[in-house]
Amino acid sequence: MKTVIMAGGKGTRISQLFPDIPKPLIPVRDKNGVEKSVLEWELLSLRDQGYSEVLLTVSHMAEKIQSYFGDGSKMGMKIEYFVEDEPLGNAGALFKIREWLGSDPFLLLNADAVFDVDFNRMVDFHKSHSDALVTLFTHPNSHPYDSGLIIAEDDHSVSAWLTKEDNRPQWYKNRVNAGLHVVDPALLDMTIQRMEFNPEDIGGIDPKTQKVIKIDLDRQLLKPLCGLHRMYAYDSPEYVKDMGTPERYEQVCKDYFAGVVSAKNLSNSQKAIFIDRDGTINKYVGFLNHIEDFELLPGVAEAIRKINESGFLAVVITNQPVVARGEVSVAELNEIHDKMETLLGQEGAYLDGIYYCPHHPDKGFEGEVIELKIDCDCRKPKPGLILRAAQDLNIDLTRSWMVGDGKNDVTAGKKAGCHTALLKRESLGQEITADYLLEAVDAILKW
Ligand SMILES: [Zn+2]
């Protein structure tokens with residue numbers, strides 16, 4: 001598969017630190033002290049995954065980037081360039097290189113982000129949706145309240161793309177576009193038809209408006225696909241961060257040096273802290289049927305923020321028999337979980353996954369959902385939800401923990417092969433006993 005990397009950005013804020021270096025050539029050191037430019041680390045990771053044919057679109061200090069990487073042969077790659085010397089908008093170049101792209105889907109990556117991603121996994125996801133023209137790499141971040149949001153259906157098709165200025169629902173899933181895409185080139189041909197422009201004219205003056213014709217990726221190519229089931233969100237906890245400011249650059253350097261950037265690539269096994277919901281994250285109210293009753297417990301956001309910064313994944317594992325009982329629909333449960341993510345996001349914390357069991361074994365109650373009244377494999381104390389998360393996110397259970405306030409949590413954790421922590425002063429064979437999630441997380445991180 002071919003890869004296009006948009007490396008023309010000026011990076012004005014970060015350039016205070018490196019006035020003579022284009023942003024993609026800014027150096028970082030890995031945990032072994034080896035120093036390479038950010039883009040070189042990314043290219044090497046792409047090469048190692050089989051993506052060795054790359055085209056870089058460059059403009060700001062183009063010649064420095066070209067002389068640094070050359071034709072790529074030193075890295076065992078084939079690197080070509082499209083030098084943009086007229087303003088084309090960030091997607092204009094795609095129309096100029098339309099022939100080079102051919103007819104198969106390609107990776108389109110924004111070099112403004114620092115990333116280390118298992119792209120084969122993302123491409124498999126793209127291929128699994130036969131109607132997909134685009135797959136967006138999406139992830140939760142620590143500041144969803146001032147980020148653009150991607151809203152998707154249960155099948156992951158993108159239904160809305162909200163900028164940070166747009167009105168948003170009160171409660172929303174923490175799902176942010178990261179600037180990494182799989183794109184079917186048919187999208188370019190469809191866009192030409194839809195917008196009725198001549199690709200030759202991009203970068204030239206529009207005779208009607210007298211303005212330069214530029215093409216913007218998000219606004220003109222991608223957003224029009226919302227609601228059409230042609231664009232899908234690929235949720236991943238892998239490392240993708242902007243390093244546009246000196247502070248963010250410092251964080252990226254720390255993360256590289258700590259080995260966090262490559263460790264989070266899903267081709268490497270992950271470690272997770274699995275967290276029960278009711279009584280652990282939110283105040284216990286018996287069966288939680290009303291969204292108003294959902295309230296975070298004290299210290300929970302701080303605890304999850306610490307998990308986020310630690311290299312562990314934060315994954316919720318919860319029994320929700322209220323669905324089988326017919327008291328809460330799946331849509332209502334999703335909204336409750338959106339509230340959980342919104343409240344956590346307001347405090348800089350995020351979840352890497354939410355797994356729930358909607359089942360209940362006992363039949364014969366009024367209003368119940370018969371098909372969910374089964375003896376399933378996922379209701380805690382069974383380990384099914386943990387095993388499913390482990391499968392989805394390549395989690396090594398022996399390096400992971402289950403934390404909860406009940407016997408079900410400890411038993412499920414042990415059956416799955418995890419360490420366990422109990423938020424109750426009782427002995428059920430757990431390794432850590434604590435009163436609150438924060439206390440348990442502090443103990444796990446010191447373990
Ligand atoms: Zn179940």
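Keep in mind it's a predicted model, so treat the numbers as computed, not measured.

### Brief notes about the nonpolar core
- Residues Ile275, Ile281, Ile304, Leu344, Val403, Leu437 and Ile444 are the most contacted members of the largest nonpolar core, which totals 38 residues.
- Secondary structure elements with two or more residues in this core: strand S14 (272-275), helix H10 (300-310), strand S15 (313-319), helix H11 (330-346), strand S17 (401-404) and helix H14 (437-446).
- Listed in part, the 36 residues of the second largest apolar core include Leu25, Ile65, Ala111 and Leu180.

### Observations regarding the sheet that holds strand S12 (residues 231-235)
- Taken together, the seven strands give an open sheet; going across it, the order is S5-S4-S1-S6-S11-S8-S12, and neighbouring strands pair in mixed fashion. Each edge of the open sheet carries a strand with a single partner, namely strand S5 (78-83) and S12. When strand polarity is set aside, the average angle formed by the axes of neighbouring strands in this sheet is 25°.
- Across four bridges, strand S6 (residues 106-110) lies against strand S11 (residues 176-183) in antiparallel orientation. Looking at S11, one finds that Leu108 is bridged to His181.
- Running at roughly 170° to strand S1 (residues 3-6), helix H1 (residues 38-48) makes contact with S1, strand S4 (53-58), S5 and S6 of the sheet.
- Taken strand by strand, helix H2 (residues 62-69) contacts S4 and S5, and its axis lies near 170° from that of S5.

### Some words on the packing of aromatic side chains
- Counting across every chain of the model gives nine aromatic pairs.
- Between Phe115 and Phe119, the aromatic rings sit 5.9 Å apart at their centres with planes inclined by 80°, giving edge-to-face as the arrangement.
- Classification of Phe115 by relative accessible area gives buried; the value is 2%.
- Looking at Phe119, the relative accessible area reads 1%, which means it is buried.
- Where Trp401 meets Trp447, the ring centres are 5.1 Å apart and the plane angle is 80°; that geometry is what we call edge-to-face. Of the two residues, Trp401 sits in strand S17 while Trp447 sits in the segment after H14, which places them 46 residues apart along the sequence.
- Its relative accessible area of 2% is what places Trp401 among the buried residues.
- For Trp447, a relative accessible area of 57% gives the class exposed.

Definitions and cut-offs
Residues numbered from 1 in each chain as written. Predicted model: local features only at pLDDT ≥ 70, side-chain atom pairs only at ≥ 80, totals over all residues. Heavy atoms only, no water. Core = buried A, V, L, I, M, F, W, Y, C linked by side-chain atoms within 4.5 Å. Buried < 20%, exposed > 50% of the residue type's maximum accessible area, 1.4 Å probe, protein only. Helix = DSSP H or I, 4+ residues; strand = E, 2+ residues; numbered from the N terminus. Pairing = 2+ DSSP bridges. Axes fitted to C-alpha atoms, helices over the stretch in contact; angles between N-to-C directions. Contact = heavy atoms within 4.5 Å. Phe/Tyr/Trp six-rings, centres within 6.5 Å; stacked < 30°, edge-to-face > 60°.

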